[in-house]
Amino acid sequence: MTSRVTSIREAYSALGLMPGDGPGAAKSAFRALVKMLHPDIAPPTPATLARLADIVAAMELIKAAGPACLEIEIDSTSAATGLTRTLRSGERPILVRIPAGIRDGEQIAAVGEPDILVTIRVHARSAPQTEPDSVLAESADLDAFIHEYSRPSAHARLARWIRKAQSAA
C-alpha cells in the first residue's frame, strides 16, 4: 500500500487542516482521526486502513519537515523600513523578506517556501541604557568564584589518582 501524501500541503489537507495551522493543530487532528479510524474502533476495511495509512504518513512528513509556522520579532523602525532576515528551521536556513510598513501579527511566506509562514511581532524600540544595571564583581570575589568552580571534584581527583597508579604499574 503506497501513500499519496508527498508534500506538506497534502499532509495538512489529509488531516483536514491548512498549512498555516502548525504542528500543534496537526498533532491534535492526527490524534482525533486515529481514535476514529483505529482498527480496534472502526471495522478494518480497505478504505479505513488506506485513510489511516495516509494520516500516519502525513504526520510523519509534518514531523520530518519541522515547523510550518515561525515567529520573528523586529522593532518598529525595522518594520517601517523593511528588512531581510534569515531564520533557522532545524538545520535549514530560511530567508524572510519583510516589506516596509508591516504591522504586528501579520503573516508572510518565507522566500521559496510557500508552506512555511512567518508571523511578524513588532515591538517598540527601547531607549538605550547609559548606565549598567549591575556593578562588576570585585576582582577578589571573581577569583574566589573561578577557584571554587574550576577546582576538580572529589570523584575527578580519585579517578586521576587511579589512572596514575595504573600507569605507574
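Look up a bit, the structure's there.
Enquirer: Talk me through helix H6 (residues 154–168); I want residue IDs and the actual numbers.
Expert: Here H6 contains 15 residues, and its C-alpha end-to-end distance of 21 Å stays within 8% of the 21 Å for a straight helix at 1.5 Å per residue. Judged by how many residues are buried, H6 sits mostly at the surface: zero of 15 residues are covered.

Enquirer: Residue-level account of the environment of Ile72, with values.
Expert: Assignment of secondary structure puts Ile72 in strand S1 (residues 69–75). Considering only alpha carbons, one finds Ile72 and Val122, 50 residues apart in sequence, at a separation of 8.5 Å. Every residue in contact with Ile72, bar those within four places of it in the chain, is listed here: Arg85, Leu87, Ile98, Val118, Thr119, Ile120 and Arg121.

Enquirer: Hey, could you go over the pairing of strand S4 (residues 107–110) for me, with residue numbers and the actual values?
Expert: Two elements, S4 and strand S5 (residues 113–123), share four bridges in a ladder whose sense is antiparallel. Counted as the bridge partner of Ala110 is Glu113 from S5.

Enquirer: Before we move on, can you summarise the pattern of salt bridges with the specific residues and values?
Expert: Evaluation of the coordinates by the stated rule reveals two salt bridges. With a shortest N-O distance of 3.2 Å, Glu106 and Arg103 are connected by a salt bridge.

Conventions and cut-offs
- Residues numbered from 1 in each chain as written.
- Predicted model: local features only at pLDDT ≥ 70, side-chain atom pairs only at ≥ 80, totals over all residues.
- Heavy atoms only, no water.
- Helix = DSSP H or I, 4+ residues; strand = E, 2+ residues; numbered from the N terminus.
- Expected span 1.5 Å × (residues − 1).
- Buried < 20%, exposed > 50% of the residue type's maximum accessible area, 1.4 Å probe, protein only.
- Contact = heavy atoms within 4.5 Å.
- Pairing = 2+ DSSP bridges.
- Salt bridge = Lys/Arg side-chain N within 4 Å of Asp/Glu carboxyl O.

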